[in-house]
Amino acid sequence: MLELCLFHKGLPENGSVFRRKAARGVVFREGKLLMIRTDRGDYKFPGGGVEPGETLEQALSREIEEETGFQVNGQARLWAVAHERRQGTTADILEMDSYYYLCSIGDSQGELRLDSYEMEEHFHPVWITLKDALAANQKVSENAFVPWVDREIAVLQALEKESWNKEG
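What comes next is a walk through the structure.

Definitions and cut-offs
- Residues numbered from 1 in each chain as written.
- Predicted model: local features only at pLDDT ≥ 70, side-chain atom pairs only at ≥ 80, totals over all residues.
- Heavy atoms only, no water.
- Phe/Tyr/Trp six-rings, centres within 6.5 Å; stacked < 30°, edge-to-face > 60°.
- Helix = DSSP H or I, 4+ residues; strand = E, 2+ residues; numbered from the N terminus.
- Buried < 20%, exposed > 50% of the residue type's maximum accessible area, 1.4 Å probe, protein only.
- Expected span 1.5 Å × (residues − 1).
- Pairing = 2+ DSSP bridges.

**A few points about the packing of aromatic side chains**
Line of reasoning, step 1. Taken as a whole, this structure holds 4 aromatic pairs when the rule is applied.
Line of reasoning, step 2. Relative to Trp148, the ring of Phe123 lies with its centre 6.0 Å away and its plane at 85°, an arrangement referred to as edge-to-face. Of this pair, Phe123 sits in the loop between α2 (116-120) and β9 (124-128) while Trp148 sits in the loop between α3 (130-143) and α4 (149-161), and the two are 25 residues apart along the sequence.
Line of reasoning, step 3. When its relative accessible area of 3% is taken as the criterion, Phe123 is described as buried.
Line of reasoning, step 4. Classification of Trp148 as buried rests on a relative accessible area of 9%.

**Digging into helix α1 (residues 56-68)**
Line of reasoning, step 1. A rise of 1.5 Å per residue sets the reference length of α1, with its 13 residues, at 18 Å; its end C-alpha atoms lie 18 Å apart and thus fit the reference within 8%.
Line of reasoning, step 2. In the stretch just after α1, Gly69 is the one whose phi turns positive, near 85°.

**Some details on the pairing of strand β7 (residues 72-87)**
Line of reasoning, step 1. Note: strand β1 (residues 2-7) against β7, 6 bridges, orientation parallel. Paired with Cys5 across the bridge in β7 is His83.
Line of reasoning, step 2. Relative to strand β8 (residues 93-105), β7 runs antiparallel, the two sharing 12 bridges. Directly across from Arg77, in β8, lies its bridge partner Leu102.
Line of reasoning, step 3. Two successive antiparallel strands, β7 and β8, enclose a turn made up of 5 residues.

Here's what the structure looks like:
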């Protein structure tokens, strides 16, 4: 399993810390990735926080279905974990471990069930090449701070380095 560490500088030494665990899906189909596009023009992997009593795999399935309308097929395979330590919103510091799973989805797409912030940022699922998602995120990163963009850039670069351009 690949491990990525993204620790932002300048965080308070004795600040309050909020810890979170998340599951995210890496889905390839016909040379494209299933990703979530926001109104800023950036792309993120579908997924999100693990709720109390959920396993990582249960959170993965729930989040992919909520954000994309697709259901996960078969068993997902853990590929990477990204450890982040960055400025938080509910505490001074957010420490998050995002677990990335290679998985496949069914062909039929149902309704999206987005959280309020996801609706505000106009989350919508798209199929995009790894190269195009990486370029878009790098451009957004140059012009604005988007909490997840650095993490997703690191994951996209790792996929590119491992030559992932086929179904996972």
